[in-house]
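Read off the chains here:
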Amino acid sequence: MSSLASQIEAILYLKGKPLAIAEIAEYANCDKETAEEALIQLINDYAHRDSALEVLETENGYSLQLRETFQDFMHRLIPAELGVGALRTLAAIAIKGPLSQTDLVELRGSGAYQHVQELVQQGFVRKRRQPETRSFSLQVTAKFHQYFQLDQLPKQLELPFQQEQNSESDEPDEFDETPEQFSEESPIE
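The paragraphs below set out a description of the structure included in this document. Model, not experiment: these values are computed from the prediction. (Residues numbered from 1 in each chain as written. Predicted model: local features only at pLDDT ≥ 70, side-chain atom pairs only at ≥ 80, totals over all residues. Heavy atoms only, no water.)

## A closer look at the overall build of the protein chain
Across its full length, the protein chain carries 10 helices and five strands. Expressed as a percentage of the 189 residues in the protein chain, the buried residues total 33%. Looking at the protein chain as shown, the accessible area adds up to about 12400 Å², and 49% of this sits on carbon and sulfur atoms. (Helix = DSSP H or I, 4+ residues; strand = E, 2+ residues; numbered from the N terminus. Buried < 20%, exposed > 50% of the residue type's maximum accessible area, 1.4 Å probe, protein only. Areas by Shrake-Rupley, 256 points an atom, 1.4 Å probe, with all protein chains shown as cover.)

Below, the structure written as C-alpha cells:
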C-alpha cells in the first residue's frame, strides 16, 4: 500500500465520518485524481485482507468503519445504555445541533441536564462553554454517527410529513410543516 493510501486511511480513521473525495484530497494535500487513485488502492487492500474494517462509499462520502458482520459484536461490547428520555434528548441535539443547553432545557425540560451529563459520559455529545453566555453548546460526536450509522439509512425511511409536503395537494393538513418547524413548535417528549 502506498504512503498516500496509508495517509488517507489515517484521515478516514481520525475524522470518524464520511468524507467527500474533495475533502480527502484537501486533507491529504493532493489533487482529487491522485486521492481517488490512492483511495481505490485502499479499498482494494481492505477488500483482500481479513479485517474487521472496511472502506465504504456512502451517500455522504467515503468512510472507514466496522464491517457489517461485526455490528452485533460491537453492540454487545459497547452497548448504549440510554433510557427513553436520554434518547429523546440525544435526538433533539442531533436534529437541532449545535444547540445551546439553555435552548435544550426549554425544549426538553429540566431533566435534560441529567441526560446531557449521561450523553457526554457515553461519548455521544460534546459540551463546550459558549464564550458570550453562561450556557454550553451541545452537538453530537463522531461516535454518535458511527454508532447509529445514520449515513446508511435507506431513503425509504423519510418522515411522513416530508412525503406529504411533496404531494400535489393544495389543502394543508395537520402535518404540513417542515421538520424544523415541527421540532420547534412541538416539544419532544
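## Quick notes on the packing of aromatic side chains
Scanning the model with the defined rule gives zero aromatic pairs in all. Positioned over the ring face of Tyr46 is Arg49, at 4.1 Å from the centre of the ring. If you follow Lys127 out to its NZ or CZ, it ends over the ring of Phe136, 4.4 Å from the centre. (Phe/Tyr/Trp six-rings, centres within 6.5 Å; stacked < 30°, edge-to-face > 60°. Lys NZ or Arg CZ within 6 Å of the ring centre and 35° of its normal.)

## What about the sheet that holds strand E4 (residues 125-129)?
Ordered by their spatial adjacency, three strands build an open sheet running E3-E5-E4, and the pairing between neighbours is antiparallel. Pairing within the sheet leaves two strands with one partner each, and these edge strands are strand E3 (99-100) and E4. (Pairing = 2+ DSSP bridges.)

## Quick look at the side chain of Arg67
Note that Arg67 resides in the loop between strand E2 (61-66) and helix H4 (71-77). Among the polar contacts listed, one links the side chain of Arg67 to the backbone oxygen of Tyr46, at a separation of 2.7 Å. Separated by 3.5 Å, the side chains of Arg67 and Glu54 make a polar contact. When neighbours within four sequence positions are excluded, Arg67 is seen to be in contact with Tyr46, Ala47, Arg49, Ser51, Ala52, Leu53 and Glu54. (Polar contact = N/O pair within 3.5 Å; in protein donor to acceptor, adjacent residues only side chain to side chain. Contact = heavy atoms within 4.5 Å.)

## Things to note about helix H2 (residues 21-28)
Along H2, the positions that sit buried rather than exposed are Ile21, Ile24, Ala25 and Ala28. For H2, the buried positions fall inside an angular range of 100° around the axis, keeping them on one side. Looking at the buried residues of H2, the elements they touch are helix H1 (3-15), helix H3 (32-48) and E2. Phi turns positive one or two residues past the end of H2, at Asn29, with a value near 60°. (Arc of directions from axis to C-beta.)

## Section: the environment of Phe124
Residue position: Phe124 is located in the loop between helix H7 (112-122) and E4. Given a relative accessible area of 1%, Phe124 falls into the buried group. Taking the C-alpha atoms as reference points, Phe124 and Leu90, separated by 34 residues in sequence, lie 7.9 Å from one another.

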